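# Fold and contact review
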Amino acid sequence: MRIGNGWDLHRLVPGRKLMLGGYQVPSPVGEAGHSDGDVLIHAIIDAIYGALADGDIGSHYPDTDPRYKGIDSQKLLEDTMAHLGTHHIENLDSTVILQSPKLRDHIDSIRASLAQTTGLSIEQISVKAKTTEHLLEDAVIAQATVLLS
C-alpha cells in the first residue's frame, strides 16, 4: 500500500469557470490558472504522484509549457492515471475549501465526473466541502489523499 497527499489553491476571478473535479459549478467567478485551474483535480494529481514518489504536477505538467495553457485538467488526470502502472487506486478522499458558492448540491456531480475520468467507482471517491468561515473569500483550496495498492 502507498499513500499520497495533494494540495492546491487558486485565486477566484471574474470571467473564468469554476471547475471542480471536471464539473463546472455555477458561479460568477472561477479559478485563475495556467490550465483551467481545477484545484481539485490538481490536488488529486499531486496525491497520485506523491504516492508513486514521482514528483508533482509541476514536474509533469509545468506551467511554463505552452501545451498546457488552458488545458482541461481532466486530460492531465487521464494522463496521470496512465502512469499508475501496476498500482491501483483503492480510494480517493478529498476536501474542497471554498466560501462561496456552496457545494452541497454539486458533490454527487463532482464525484460522478471524477469517477468517469478515473475509471473508479463512485463508492471509491469522497468529496467533502468546507467553508473558510469568511477568512478567505477570493480563493479556493483543495486537498486530496489517495491510497494505492
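Scroll up for the structure.
Computed from a prediction, not measured in an experiment: that's the story for all the values here. (Residues numbered from 1 in each chain as written. Predicted model: local features only at pLDDT ≥ 70, side-chain atom pairs only at ≥ 80, totals over all residues. Heavy atoms only, no water.)

## A look at helix H4 (residues 107–118)
With 12 residues, H4 should reach 16 Å at 1.5 Å per residue; the first-to-last C-alpha distance of 16 Å fits that figure. Looking at H4, one finds that the buried residues are Ile-107, Ile-110, Arg-111, Ser-113, Leu-114, Ala-115, Thr-117 and Thr-118. The secondary structure elements touched by the buried residues of H4 are strand E2 (18–20), strand E3 (23–25), helix H1 (39–51), helix H3 (73–82) and strand E6 (125–130). Positive backbone phi, at 80°, marks Gly-119, one or two positions downstream of H4. (Helix = DSSP H or I, 4+ residues; strand = E, 2+ residues; numbered from the N terminus. Expected span 1.5 Å × (residues − 1). Buried < 20%, exposed > 50% of the residue type's maximum accessible area, 1.4 Å probe, protein only. Contact = heavy atoms within 4.5 Å.)

## Some points on the pattern of salt bridges
Under the definition given, this model contains three salt bridges. With a closest N to O distance of 2.7 Å, Asp-65 and Arg-67 form a salt bridge. We classify Asp-65 as buried; its relative accessible area is 15%. Exposure remark for Arg-67: the relative accessible area of 61% places this residue in the exposed category. Measuring nitrogen to oxygen at the nearest pair gives 2.6 Å for the salt bridge that ties Lys-128 to Asp-93. Placement of the pair is Lys-128 in strand E6 and Asp-93 in strand E5 (residues 89–98), with a sequence separation of 35 residues. (Salt bridge = Lys/Arg side-chain N within 4 Å of Asp/Glu carboxyl O.)

## Things to note about the packing of H1 against H3
It is at 10 Å that the axes of H1 and H3 come closest, and there the two elements cross at 15°. Between H1 and H3, the interaxial angle falls into the category roughly parallel. Note on packing geometry: the crossing formed by H1 with H3 is left-handed. Between H1, through Ile-41, His-42, Ile-44, Ile-45, Ile-48 and Tyr-49, and H3, the contact on the second element is made entirely by Ser-73, Gln-74, Leu-76, Leu-77, Asp-79, Thr-80 and Met-81. When grouped by side-chain class, the residues that make up the contact of H1 with H3 number eight nonpolar, four polar and one charged. (Axes fitted to C-alpha atoms, helices over the stretch in contact; angles between N-to-C directions. Parallel < 35°, antiparallel > 145°, perpendicular 65-115°, else oblique. Left-handed = near helix turned anticlockwise from the far one by under 90°. Nonpolar A, V, L, I, M, F, W, Y, C, P; charged D, E, K, R; others polar.)

## Focus: the pairing of strand E1 (residues 2–14)
Where E1 meets strand E7 (residues 139–148), 10 bridges bridge the pair, whose relative direction is antiparallel. Looking at E7, one finds that Arg-11 is bridged to Ala-139. Two elements, E1 and strand E4 (residues 29–31), share three bridges in a ladder whose sense is antiparallel. Across the sheet, Val-13 pairs through a bridge with Gly-30, a residue of E4. (Pairing = 2+ DSSP bridges.)

## Details of the sheet that holds E4
Ordered by their spatial adjacency, five strands build an open sheet running E4-E1-E7-E5-E6, and the pairing between neighbours is mixed. The open sheet has two free edges, formed respectively by E4 and E6, since each of these has just one partner strand. Mean inter-strand twist for the sheet, computed between neighbouring axes without regard to direction, equals 20°. With nine bridges connecting them, E5 and E7 associate as antiparallel partners. Within the sheet, the bridge partner assigned to Ser-94 lies in E7 and is Ala-144.

## As for the packing of H3 against H4
Put simply, H3 and H4 touch, their axes get as near as 9 Å, and they point 45° apart. By the angle between their directions, the pair H3 and H4 is classed as oblique. Note on element contacts: H4 touches H3 through Ser-113, Leu-114, Thr-117 and Thr-118, opposite Gln-74, Leu-77, Glu-78 and Met-81. Partitioned by chemical class, the residues of the contact of H3 with H4 number three nonpolar, four polar and one charged.

In short, the description is geometric, and any link to function would need to be established separately.
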